[in-house]
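# Report on the structure
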Amino acid sequence: MTTAIKEAKRRAAAKRMTRQKANGDVNLPMKEVCGVEVTGNCDDCPVVLRVPFFDHLIQTLLHMLQILVSYLLMLAFMTYNVWVGLAIVFGAGVGYFVFAARMPRKASVSKMSEHCH
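Only a predicted model underlies this, so the values are computations on that prediction, with no experimental measurement involved. Residue numbering note: each chain is counted from 1, following its sequence as written. The model is predicted, so local features are restricted to residues of pLDDT at least 70 and side-chain atom pairs to those at 80 or more, both for listing and for counting; the totals for chains, interfaces and linings are taken over all residues. In computing side-chain values, all of the structure's heavy atoms are included and hydrogens and water are not.

What follows covers the overall build of the protein. Put simply, DSSP marks the helices as runs of H or I at least four residues long and the strands as runs of E at least two long, and each gets a number from the N terminus on. In terms of helices and strands, the protein carries five helices and zero strands. Overall, the protein shows an N-to-C arrangement of helices and strands of α-α-α-α-α. Taken over 117 residues, the protein has a buried fraction of 10%. We call two residues contacting when some pair of their heavy atoms lies within 4.5 Å. Sequence separation of 24 or more characterises 18% of the internal contacts of the protein that already satisfy a separation of 6 or more. Classification of residues uses two cut-offs on accessible area relative to the type maximum, computed with a 1.4 Å probe and protein chains only: under 20% is buried, over 50% is exposed, and between them is partly exposed.

Set out below in structure tokens:
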């Protein structure tokens, strides 16, 4: 089974779990969600089902800022000015070199992508 199918099944199971938890049924087997046989309270499961509202709002605003900067850089690059293009590429390389070196080891090994989108 491919990882994409496994991930889709895990997400579907997490959605089911969220709906069932909202209905008050918390004594559910969670093996299909997180790979660990857990029954009883959903707090025992290592899977995070919801992000708090304020945290999600901050993530959304930061995502919007990232998209804005990305489009502005794309517009600057599309001026076809060689020096502006080289400055953008050089800046991206230096930024990656400086900030990617401080990434925790777990984050660099995880399934999360390093790319913007």
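Note: predicted coordinates in regions of low pLDDT should not be interpreted at a detailed level. Of all residues in the protein, 58% have pLDDT values of 70 or greater, and the mean over the chain is 75. By definition, pLDDT measures how confident the predictor is in each residue, and it falls between 0 and 100. When the elements of the protein are averaged for pLDDT, helix 2 (residues 31-34) gives the smallest value, 50, and helix 3 (residues 53-77) the largest, 95.

Here we take up unusual backbone geometry. For tyrosine 80, which is not glycine, the phi dihedral falls at a positive 60 degrees. Relative to the helices and strands, tyrosine 80 resides in the loop between helix 3 and helix 4 (82-100).

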